Amino acid sequence: MAIVFIPSQLQKLTGTAQVEVEGDTVRAVVEQMEKQFPGIQQRLFEDDQLSPTLQLSVDHVMTRALSTSVTPSTEIHFLPVIGGG
Amino acid sequence: MSTEVAPDTQTPATYKVIGTRPVRHDGADKVTGKAVYTDDLHVPNMVFGAFVRSPHAHARIVSIDTSDAEKMPGVLATCTSADLPDPWDKVDNLGEGCVNYAHLSGNVLARNKALYKGHAVAAVAATDSYLAQEAARRIRVEFEPLPATMCVQDAMRNDAPLLHDELITHTLDDKPARPSNIASHIQFEKGNVDEGFAAADVVIEREFKTATVHQGYIEPHVSVALWNEDGRLKIWTATQGSFVVRQQMAELLKMPVSQITIVPCEIGGGFGGKISVYEQPVAAVLSRKCGRPVKIMMQRDEVFEATGPTPASFMRVKLGATKDGKLTAGKAWLAFDAGAFPGGVIGPGAMCVFSCYDLPHATVDGFDVVLNKPKTQAYRAPGSTHVAFATECVIDELAERLKIDPIEFRLNNAAKEGTRRVDGPVYPRVGLVECLQAIQESDHWKTPLTGPNRGRGVACGFWFNCGLKSSVTANVNADGTVTLVEGSTDIGGTRTSIAMQLAETLGITAEDVIPQVVDTDSVGFTDVTGGSRTTFATGLAAHEAALDIQKQMVEQAAQIWECSPDEVTVADGVYQGNGKSLSFKALAVEADKVGIPIVGRGVVDPQCSTNAFAVNLVDVEVDPETGKVTILRFTVCQDAGKAIHPSYVEGQMQGGSAQGIGWALNEEYFYGDDGHMRNASFLDYRMPTCYDLPMIDTIIVEVANPDHPYGVRGVGEVPIVPPPPAIANAIYRATGVRFFELPMSPPTVWNAIKGQTTGE
Amino acid sequence: MKTHVTTTINGATVEFLCQPRQSLLAVLRDELSLTGCKEGCNNGNCGACTVMLDGLPVDSCLVLAVEAEGAEIETVEGIAEQGHLHPLQQCFLEGAALQCGICTPGFLVTAKALLEKNPQPSEQEIRFGLAGNLCRCTGYDKIVRAVQAASQASPES
């Protein structure tokens, strides 16, 4: 279970800005979200991986690992990747 | 200079090495001219390459005829995009942002269309560099010029000429039906902005523009490529990331990484501009074709016209606050140049725009827009300087309108631990409040500024810290010194700050660590030197390697002292057990006689939750007769977490500030109507000289980063963020005129002051 | 057709052959392996190529190699003496007055010339004297302080 913050541009698919989703990894959460909101996974993934244009914030820590485990209070955000200079 | 290190209660103040200022390990080489930069290399049998570049900002390439050049004695090979494999249309995440290899290939050598003036179209290798340039002039390219688009607002119009016929806006939303020049659209929302603005007593909305600026490193891009007879490719190059270059080369040339070695030479500056490849693939192809090593070094005008400056931008920022000075809502509309290919820095820009503040309601829309300029790249905190200019100027106006001190206004709204950023994540422990307070307590703030045409300005800024991967190995030598092998190119003294962390963990001196920056065959994968990550992440890897060494030393001691490893203790670099005691050095000497080699290993990919804030305080004087702005006094305060080597932290703060000052006051790509950059030289692309600046005072605040054993935060990038708005706010107080465009160069300032005086 | 040039570099007599169009910078680096001076812009605007020519700091990219005939040239390689760093070099290191280091040779040559002419320069005199050398990394603060420190330490002062 995790608390997923839905990006504003996807909220027309979900009808809501936040949703609690079952799953013990980020991947499992997204797969569960796809069952609730069909089409959402293809917006976030590419070739079954996180889109290279996105990164995750999982409990406010940036990562790209879909295998990151989540707990019932974990917050997940989908953010643009950033590069530094 | 005053460097006041505000005391931090969270980390112990008993370090022996951390916090000291040893002379850097490569220092003697760098001050005697012995350090080897890529252009210093003379590889046996080396020849020279030169590019042919588009004279048009936008043109179809009709034909390329290299025959005349090839007939010249001494000309050994030519190449065009036809010599590069068909690129993958694949987007990869390189750690520092993502790259589309088709676009990268098309940028290295144009396919079908030239998309900016200076876009490389062909290249030639010859026995000397003059001959190469002469031969390049003899390569005949037929172009069909096309209309060019040079600013985001024009490029976003429905009737704008398209750069890429099939570019559909990338968005999480429904994709548009038609192609356009809008490469991506990002959006964030928090709360309800309409409610937020309705609750405000004062609302200010302004439009801002910034010009294209370049990182301005003194060393041009340069590489030597050797395509060996055994099919292995070796490239000596000036790069911030040798592994990232290796990956790009493997993808562009469709070769396995195992056949490519990248040797990072000493580098003369990067700031984000030396991560993407430019001349490396071309030098490689020419070397393959002629069977000799090929050196390509860009001329300075090529660096300006054909590498990766940071975007120009158009921004609209609106903020609302109550009469007590509490921010209620914010709205930002941001359009950044991507340059000729998608993948600009709008993402971080959109994430940073309101990042200094606790804003309950906000929306941000960000657009990455292609147009006929070189493909943009990161320039130290990419995107953040742009948006800070906009936000911090509006904040200044709000504070003034509400008659609230500008620092107090910021303190009332400052992001702290627990503040939720507009893009979503919540801040852990951060140091913005401490930085604002340190400025309030500074001698600079407490010294009144008097005199005509003078003004004082404040601004703050934010940037992320990246983690990413670093690998090191560390070999204990027979004399008790440790050779530290790492892959992080040293652009500013990091080999020393990383060595210091190893030394601290082991309880030895920094002088007893011998850091080496090595090539991609000699060390494990290491991400770029950039992203404010090097001292943090590679330092963390060095710390891990030190712990590994310590474990092995304990085992050696146990063997020598004939006891169990559990009975051996280590404190401050002294090993004790079974009644005996030896320092690290002495134990290393003994272990060398009897034991196996001791090699430590550190591999990290640290998760990163933390961030860096900076605050600037600047006093200016404006000459009403010329519009020239003189910086009278400049103070930068930054949360460094823990300053491993304070001189190098100060150096990053001062250097970034100087770049921000140049960005604010003079630097811009000045384009003619034909889309040509008119000022592609250091004479007219006016970066600050020694004579333009005062001493830059630094205040390092140390609020420890919970993600690092020594509390290190990345420091390299955020200093470039606050100077433009701090200076704009100071100029306002000096002249009564607010500026919404960068640079605030003398003609611009003079015209504005004149206009104000005459009421125009 | 190459020109034969005889000159003095760092006190030693040196001969070389060069094309008439070659700059002194190109010859020092490519023919004589004195790669301390650097090419940053090749048109006299960054100072990374600074060497001393007959007692004056010059941008060697703006000097033709043939002009070296009979001249006395000093490069960064000649600043340290017999394995000992000059006080200016030492002050640069102790003051952390370099980051990437590419501009450092040029600054050292210019600063040494400045101190020889004006052993106790004010901050403004130092800044004016170094205005022809660009640095993109440091913001110049530590460079100026290093020159100030050297002016206190140097035998000339």
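Residues numbered from 1 in each chain as written. Chains lettered and ligands numbered in written order. Predicted model: local features only at pLDDT ≥ 70, side-chain atom pairs only at ≥ 80, totals over all residues.

**Quick look at the overall build of chain C**
Here comes step 1: If you tally the helices and strands in chain C, you get five helices and five strands.
Here comes step 2: For chain C, whose C-alpha radius of gyration is 15 Å, the value lies close to the compact-globule estimate of 15 Å for 157 residues.
Here comes step 3: Evaluated residue by residue, chain C yields a buried proportion of 60% over its 157 residues.
Here comes step 4: Excluding contacts between residues fewer than 6 apart, the proportion of contacts in chain C whose partners are at least 24 apart in sequence is 57%. (Helix = DSSP H or I, 4+ residues; strand = E, 2+ residues; numbered from the N terminus. Rg over C-alpha atoms; globule rule 2.2 N^0.38 Å. Buried ≥ 20, exposed ≤ 12 C-beta atoms within 10 Å, placed from the backbone. Contact = placed C-beta atoms within 7 Å.)

**What about the domain arrangement of chain B?**
All names here are of chain B.
Here comes step 1: Per the domain assignment, the segments of chain B are domain 1 (1–12 + 428–465 + 609–760), domain 2 (38–148 + 216–306) and domain 3 (467–604).
Here comes step 2: Computed from C-alpha coordinates alone, the two centres of domain 2 and domain 3 are separated by 39 Å.
Here comes step 3: Each partner contributes residues to the interface: domain 2 has 18 residues there, and domain 3 has 15 residues.
Here comes step 4: Secondary-structure elements contributing two or more residues to the side of domain 2 that touches domain 3 are helix 7 (242–253) and strand 14 (260–264).
Here comes step 5: Residue composition of the side of domain 2 that touches domain 3, grouped by class: seven nonpolar, nine polar and two charged. (Domains from an automatic or database assignment. Nonpolar A, V, L, I, M, F, W, Y, C, P; charged D, E, K, R; others polar.)

**Concerning the sheet that holds strand 5 (residues 72–74) of chain C**
Residues and elements named next belong to chain C.
Here comes step 1: Pairing is mixed in the open sheet, where five strands are placed in the order 2-1-5-3-4. What marks the edges here is a single partner per strand, and that holds for strand 2 (12–18) and strand 4 (56–59). When the angles between neighbouring strand axes are averaged without regard to direction, this sheet yields 40 degrees.
Here comes step 2: Judged from the four bridges that link them, strand 3 (residues 50–53) and strand 4 form a sheet pairing that is antiparallel. Of the residues in strand 4, the one forming a bridge with T50 is D59.
Here comes step 3: Against the sheet, helix 3 (residues 104–117) touches strand 3 and strand 4, its axis set at about 40 degrees to strand 3. (Pairing = 2+ DSSP bridges. Axes fitted to C-alpha atoms, helices over the stretch in contact; angles between N-to-C directions.)

**What to know about the nonpolar core**
Here comes step 1: Ranked by internal contacts, the top residues of the largest apolar core, which has 309 residues, are B:V124, B:A125, B:V369, B:L502, B:I727 and B:I731.
Here comes step 2: Here this core takes 12 residues from helix 16 (residues 534–561) of chain B, the largest share from any one element.
Here comes step 3: Setting aside chain neighbours within four positions, we find B:V124 in contact with B:G49, B:A50, B:A69, B:V75, B:T78, B:A132, B:A135, B:A136 and B:I139.
Here comes step 4: A:I6, A:V26, A:V70 and A:I76 belong to the second-largest nonpolar core, a separate cluster that totals 13 residues. (Core = buried A, V, L, I, M, F, W, Y, C linked by C-beta atoms within 7 Å.)

**Details of helix 18 (residues 646–665) of chain B**
Here comes step 1: Taking 1.5 Å per residue, 20 residues should reach 28 Å; helix 18 of chain B reaches 28 Å between its end C-alpha atoms and fits that length.
Here comes step 2: Burial of helix 18 of chain B is extensive: 19 of the 20 residues sit out of reach of the surface. (Expected span 1.5 Å × (residues − 1).)

**Concerning the packing of helix 15 (residues 494–506) of chain B against helix 16 of chain B**
Residues and elements named next belong to chain B.
Here comes step 1: Orientation of helix 15 relative to helix 16, taken along the N-to-C sense of each, is 35 degrees, at an axis distance of 8 Å. The handedness of the crossing between helix 15 and helix 16 is right-handed. Taken together, the residues of helix 16 that come into contact with helix 15 (itself represented by T494, S497, I498, Q501, L502, T505 and L506) are T534, T535, T538, G539, A542, H543, A545, A546, L547, I549 and Q550.
Here comes step 2: When grouped by side-chain class, the residues that make up the contact of helix 15 with helix 16 number eight nonpolar, 10 polar and no charged. (Left-handed = near helix turned anticlockwise from the far one by under 90°.)

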